[in-house]
Amino acid sequence: MPTARKSPARSKAAAAAPPVTRPQILDRKVIADAGTYAVNKAEIDRLTAENEALKGTLLHAMGPHESVIAGNRVLTRSTHAGTPATENVVITKTMIGQIIPGKKGRKGYTTLTVQ
């Protein structure tokens, strides 16, 4: 059975690879922890997206009620009013020309607690 040989061009390209510019951690425990972290982060993102979709369904099912019972769970809605944006304001005679910067507003939002 013939053995596979690396092409000369491929080995030259590998030899010409740029040097690593970041420090490397070689501790196997840290490497394993980094892999676990990456997997967990992806799972958190997936679960967060799933919960956002479920939140809309649950809030719609609650109708106008602030608190309902669903099976053995209590669903509670709380609404937080938005803050309107304010314009820049020029103040007092002694401060002519100075401007107090306006503040960005904040959108209102609804939270859902499931216990």
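Computed from a prediction, not measured in an experiment: that's the story for all the values here.

Novice: Got a minute to help me understand the overall build of the protein in this structure?
Specialist: A count of helices and strands for the protein gives two helices and five strands. In sequence order, the secondary structure elements of the protein are arranged as α-α-β-β-β-β-β. Taken across its 115 residues, the protein has 3% of its residues classed as buried. By element, 61% of the accessible surface of the protein is carried by carbon and sulfur atoms, the whole surface being about 10600 Å².

Novice: Hey, could you run me through the confidence of the model for the protein in this one?
Specialist: Close inspection of predicted coordinates is inappropriate in any region flagged by low pLDDT. Per-residue pLDDT for the protein averages 80, and the proportion of residues at 70 or more is 78%. Per-element mean pLDDT across the protein ranges from 58 in helix 1 (residues 8–15) up to 92 in helix 2 (residues 28–62).

Novice: What exactly am I supposed to notice about the side chain of R77 here?
Specialist: With respect to the secondary-structure elements, R77 resides in strand 2 (residues 73–80). The buried charged residue R77 lacks any salt bridge, with E66 as its nearest oppositely charged partner at 7.3 Å. Of the polar contacts made by the side chain of R77, one reaches the backbone oxygen of G63; its length is 2.4 Å.

Novice: Sorry if this is basic, but what is going on with the environment of V74 here?
Specialist: Secondary-structure assignment places V74 in strand 2. With a relative accessible area of 31%, V74 lands in the partly exposed category. Taking C-alpha positions, V74 is 7.9 Å from T113, a pair spaced 39 residues apart along the chain.

Cut-off values and rules
Residues numbered from 1 in each chain as written. Predicted model: local features only at pLDDT ≥ 70, side-chain atom pairs only at ≥ 80, totals over all residues. Heavy atoms only, no water. Helix = DSSP H or I, 4+ residues; strand = E, 2+ residues; numbered from the N terminus. Buried < 20%, exposed > 50% of the residue type's maximum accessible area, 1.4 Å probe, protein only. Areas by Shrake-Rupley, 256 points an atom, 1.4 Å probe, with all protein chains shown as cover. pLDDT = per-residue confidence, 0-100. Lys, Arg positive; Asp, Glu negative; His and termini not counted. Salt bridge = Lys/Arg side-chain N within 4 Å of Asp/Glu carboxyl O. Polar contact = N/O pair within 3.5 Å; in protein donor to acceptor, adjacent residues only side chain to side chain.

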